[in-house]
Amino acid sequence: MPATVSIHGQWSTRLAFILAATGSAVGLGNIWRFPYIVGDNGGGAFVLVYLACILLIGLPIMMAEILLGRRGRQSPINTMLTVAREEGLSRGWGLMGWIGVLAGFLILSFYSVIAGWALAYVFKSGSGGFIGLDAEGSSEMFGAMLASPEALLAWHTIFMVMTAMVVARGVRSGLERAVTILMPLLVLLLVVLVGYSMAQGEFIAGVQFLFQPDFSALSANAVLLAMGQAFFTLSLGMGAIMVYGSYLSSEASVAKTSGAVVAADTLVALLAGLAIFPILFAAGLSPGQGPGLIFVTLPLAFAEMPMGLYFGTVFFVLLVFAAWTSAISLIEPAVAFLVENLSLTRVFATTLVAMFAWLLGIGALLSLNVWSGYTLFDMGILDLLDYLTANILLPLGGFLIALFVGWRMTERSVQSELRLKLGFVYSLWYFLVRYVAPIAILVVFLRAIGLV
Ligand code: TRP
């Protein structure tokens, strides 16, 4: 019989869980990754596929992941082993937890590098670096930062230490507090930026780019990227949401909670898109800027708007916080596992994981400059880590979760853990988990490698 409370602690209220899960979901994925991938993939049609993936794959899998975490009440690996044992299934399902721990570790390594860019921009903005900036100057400023391994290393190191410090302090005292005030503030500031976009940018052109689908621009690979983005932005497929679910009280509604997290996450991504594209078009920049998109575009707005110095600085501070609350959830599964199985202290386990991720992150940041000549499939280390995790490991993890909950667990256990009234919502969810999500993931995979 698994414990009804995790040894690592429990959220004080359901709202605390929603905030923490939202903190995990909302991060660089929404504000940095979403706009640039949309820009690279032609806009509207991509956004539509992304939204479909969020609703048909992301939301049901999030519920499945929380459900599993709450049933197992441990790190993803031990949760999978425990639930598999209870259901009389193979220990092989523990592998799913291992994929998750690996994916989280790999994501953290490059996530910290990008968060380091945001940190650097806090200081660029605060010292008046955006004043009088034009499109060309903004691109140069970004390029100069990427060209300096020392600067990237310094910011990457600071961010990794910040992350490790919160995780080391534990779930309640560390994770909960960081989110409560900062998330709403971030949304507020995005709304201000959208307001600026409406007044000063090519707002209509931005809206058209985001929402007018042109399916001829959509390749099979773009569909894979849209699905990968859905997993990445919702923190799904690697046990982050599972481990947060393991700290959720038994009474909370999994469905309502997931709905709230998904809605908040999608809102932030769309707001970011609405803020960025009108400014971009007004400045005559192309949407396919790649990973530098927001770092090249937003300073232009801050350069012009009244009190731009303050808005810019606060914006990047909030972006760092959003990244921080996400990064925390990337190491939590590995740390929880080390504490459970090797009886390491929380502090030591955190230090260990953060240190290895930091080392790999150095490889990622060097791929932006010194090692830019070394590529595989046309990608440097950073791009490879990003592609492998978001587009392959996370959907694979999600696929296994859907199979496990949809096909291997008995429906009785599923129902008793979900505690959803048997009715339309339940039936729809079960159908999505059993059929729609796994089949969709499989088809997208097969199409991307050219098999269907
Ligand atoms: N969802 C976060 C973002 O959008 C990143 C993230 C945090 C994540 N934890 C995760 C991604 C777990 C995948 C899996 O920035």
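Residues numbered from 1 in each chain as written. Predicted model: local features only at pLDDT ≥ 70, side-chain atom pairs only at ≥ 80, totals over all residues. Heavy atoms only, no water.

A. The overall build of the protein, seen in detail. For the protein, the count of helices and strands is 19 helices and 0 strands. Dimensions along the principal axes, computed over C-alpha positions, put the protein at roughly 65 × 50 × 40 Å. The burial tally for the protein puts 61% of its 452 residues in the buried class. Within the protein, contacts between residues at least 6 apart in sequence are counted, and of these 83% link residues at least 24 apart. Carbon and sulfur atoms provide 68% of the accessible area of the protein, an area that totals close to 17000 Å². Separation of charge centres in the protein, based on 19 positive and 21 negative side chains, amounts to 18 Å. (Helix = DSSP H or I, 4+ residues; strand = E, 2+ residues; numbered from the N terminus. Buried < 20%, exposed > 50% of the residue type's maximum accessible area, 1.4 Å probe, protein only. Contact = heavy atoms within 4.5 Å. Areas by Shrake-Rupley, 256 points an atom, 1.4 Å probe, with all protein chains shown as cover. Lys, Arg positive; Asp, Glu negative; His and termini not counted. Charge placed at Lys NZ, Arg CZ, Asp CG, Glu CD.)

B. Quick peek at a nonpolar patch on the surface. On the surface, Trp 407, Phe 431, Tyr 435, Ile 439, Val 443 and Val 452 cluster together to form a nonpolar patch covering roughly 580 Å² of accessible area. Of the residues forming the nonpolar patch, the biggest block, 4 residues, is contributed by helix H19 (residues 424–448). The residue Ile 439 is located in helix H19 in this model. (Patch = residues over 30% accessible without salt bridge, like charges linked within 9 Å, V, L, I, M, F, W, Y side chains within 5 Å. Salt bridge = Lys/Arg side-chain N within 4 Å of Asp/Glu carboxyl O.)

C. A look at the nonpolar core. Membership of the largest hydrophobic core comes to 177 residues, with the highest contact counts inside it found for Trp 117, Phe 315, Phe 404, Val 405 and Trp 429. The residues contacting Val 405, other than those within four sequence positions of it, are Ala 64, Leu 68, Val 414, Trp 429, Tyr 430 and Val 433. (Core = buried A, V, L, I, M, F, W, Y, C linked by side-chain atoms within 4.5 Å.)

D. Broad picture of the site of the ligand. In the region of the ligand, 17 residues are neighbours, and Ala 25, Gly 29, Tyr 111, Phe 232 and Ser 235 sit closest. The contact in question runs from an oxygen atom of the ligand to an N or O atom on the side chain of Asn 30, over 3.4 Å. The separation between a nitrogen atom of the ligand and a polar main-chain atom of Thr 233 is 3.2 Å. Spatially, the ligand is embedded in the largest cavity. For the shell around the ligand, the elements supplying multiple residues, two or more each, are helix H1 (14–25), helix H2 (28–40), helix H5 (94–126), helix H11 (220–233) and helix H15 (308–342). Of the residues that constitute the shell around the ligand, the class distribution is 9 nonpolar, 8 polar and no charged. (Near = heavy atom within 4 Å. Polar contact = N/O pair within 3.5 Å; in protein donor to acceptor, adjacent residues only side chain to side chain. 1 Å grid on protein atoms, 1.4 Å probe; cavity = no way out; pocket = protein on both sides within 12 Å on 5 of 7 lines; lining within 4 Å. Sits in = over half its atoms within 2 Å of the grid points. Nonpolar A, V, L, I, M, F, W, Y, C, P; charged D, E, K, R; others polar.)

E. Quick peek at the layout of surface pockets. Each pocket or cavity is described by its volume, and for the largest pocket that value is around 300 Å³. Looking at the largest pocket, it is lined by 15 residues, and the ones nearest its centre are Tyr 36, Asp 40, Asp 383, Asp 386 and Tyr 387. (Points joined across faces, edges and corners; volume = space filled by probe spheres on them.)

F. Broad picture of the packing of helix H17 (residues 381–408) against H19. For the pair H17 and H19, interaxial distance at closest approach is 9 Å and the crossing angle is 145°. Note on packing geometry: the crossing formed by H17 with H19 is left-handed. When H17 is examined against H19, the residues Asn 391, Ile 392, Pro 395, Leu 396, Gly 398, Phe 399, Ala 402, Leu 403, Val 405, Gly 406 and Trp 407 are found in contact with a partner set consisting of Trp 429, Tyr 430, Val 433, Arg 434, Tyr 435, Pro 438, Ile 441, Leu 442 and Phe 445. Partitioning the contact of H17 with H19 into residue classes produces 16 nonpolar, 3 polar and 1 charged. (Axes fitted to C-alpha atoms, helices over the stretch in contact; angles between N-to-C directions. Left-handed = near helix turned anticlockwise from the far one by under 90°.)

G. Representation of the packing of aromatic side chains. Under the defined criterion, the tally for this structure stands at 27 aromatic pairs. Ring centres of Phe 302 and Phe 315 lie 5.8 Å apart, and the angle between their planes is 40°; on these two criteria the pair is classed as tilted. Here Phe 315 lies in helix H15 and Phe 302 lies in helix H14 (residues 293–304), a separation of 13 residues in the sequence. Sitting above the plane of the Trp 407 ring, Arg 434 keeps its charged end 4.0 Å from the centroid. (Phe/Tyr/Trp six-rings, centres within 6.5 Å; stacked < 30°, edge-to-face > 60°. Lys NZ or Arg CZ within 6 Å of the ring centre and 35° of its normal.)

H. A look at the side chain of Arg 71. For Arg 71, the position within the fold is in helix H3 (residues 44–72). You can call Arg 71 buried: its relative accessible area is 17%. Of the polar contacts made by the side chain of Arg 71, one reaches the side chain of Glu 86; its length is 3.5 Å.

I. Just the side chain of Ser 413, in detail. Residue placement: Ser 413 occurs in helix H18 (residues 411–418). Taking relative accessible area as the criterion, Ser 413 reaches 10% and is therefore assigned buried. A distance of 2.7 Å separates a polar atom in the side chain of Ser 413 from a polar atom in the side chain of Glu 87. Excluding its chain neighbours within four sequence positions, the residues that come into contact with Ser 413 are Arg 71 and Glu 87.

J. Inspection of empty space enclosed by the protein at higher detail. For the coordinates displayed, the defined rule picks out 2 cavities of 30 Å³ or more. Computed from the structure, the largest cavity encloses a volume of approximately 130 Å³. Along the walls of the largest cavity sit 18 residues, with Ser 24, Tyr 111, Phe 232, Ser 235 and Leu 330 positioned nearest its centre. Every element with two or more residues in the lining of the largest cavity is listed here: H1, H2, H5, H11 and H15.

K. Representation of the pattern of salt bridges within the structure. By the definition in use, this model includes 5 salt bridges. A salt bridge links Glu 86 to Arg 71; the nearest nitrogen and oxygen atoms lie 3.5 Å apart. Here Arg 71 lies in helix H3 and Glu 86 lies in helix H4 (residues 76–86), a separation of 15 residues in the sequence. Given a relative accessible area of 35%, Glu 86 falls into the partly exposed group. A salt bridge links Glu 332 to Arg 346, with the nearest nitrogen and oxygen atoms 2.7 Å apart.

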